[in-house]
Amino acid sequence: MRVHETADAEVIISEGETNAVDHATGRPFISRFVLVMRVRDGRIVHLRDYSDVLRTAAGLGRLTQLFEQVRAESAQ
């Protein structure tokens, strides 16, 4: 995990990755993410999670399905 300093002492930005496995195929893959947190008095008061959905969908063998879903929703 990598933590980035910000100008706001309450805000923490961290990058990380998770080693995952597609249980259907047994194939391993890496899923990456960024977390943006606001911490006040030792408690997380706000959290945003930005995941690399393309890499995760590819790792799970669902990239084509994801593109088809996005295309279908765009057509609505």
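Further up the page is the structure itself.
What this report covers is the structure whose coordinates are included nearby. (Residues numbered from 1 in each chain as written. Predicted model: local features only at pLDDT ≥ 70, side-chain atom pairs only at ≥ 80, totals over all residues. Heavy atoms only, no water.)

**Observations regarding the pattern of salt bridges**
Then, in step 1: This structure, assessed with the given rule, holds 5 salt bridges.
Then, in step 2: Of the charged contacts in the structure, one is a salt bridge between R38 and E10, with a shortest N-O distance of 2.9 Å. One end of the pair, R38, is in strand β3 (residues 27–40); the other, E10, is in the loop between β1 (2–4) and β2 (11–22), with 28 residues separating them in the sequence.
Then, in step 3: A residue is classified by how much of its surface remains accessible, and R38, at 27% relative accessible area, is partly exposed.
Then, in step 4: Note on E10: relative accessible area 24%, which makes it partly exposed.
Then, in step 5: In this structure, the salt-bridge partner of E17 is R32, at a minimum N-O distance of 3.1 Å. Highlighted residues: E17 in strand β2 and R32 in strand β3, separated in sequence by 15 residues.
Then, in step 6: The partly exposed category is assigned to E17, whose relative accessible area is 46%.
Then, in step 7: Salt bridges here are not isolated pairs; linked through shared partners, they connect D8, E10, R38 and R40. (Salt bridge = Lys/Arg side-chain N within 4 Å of Asp/Glu carboxyl O. Helix = DSSP H or I, 4+ residues; strand = E, 2+ residues; numbered from the N terminus. Buried < 20%, exposed > 50% of the residue type's maximum accessible area, 1.4 Å probe, protein only.)

**Things to note about the side chain of S14**
Then, in step 1: Following the sequence through the fold, S14 ends up in strand β2.
Then, in step 2: When sequence neighbours within four positions are dropped, the list of residues in contact with S14 reads M1, R2, V3, F33, V34, L35 and M37. (Contact = heavy atoms within 4.5 Å.)

**Points about the environment of A72**
Then, in step 1: Considering the arrangement of structural elements, one finds A72 in helix α2 (residues 63–75).
Then, in step 2: Once the C-alpha coordinates of A72 and L35 are considered, the two residues, 37 residues apart in sequence, prove to be 29 Å apart.

By themselves, these observations are geometric and do not establish any function.
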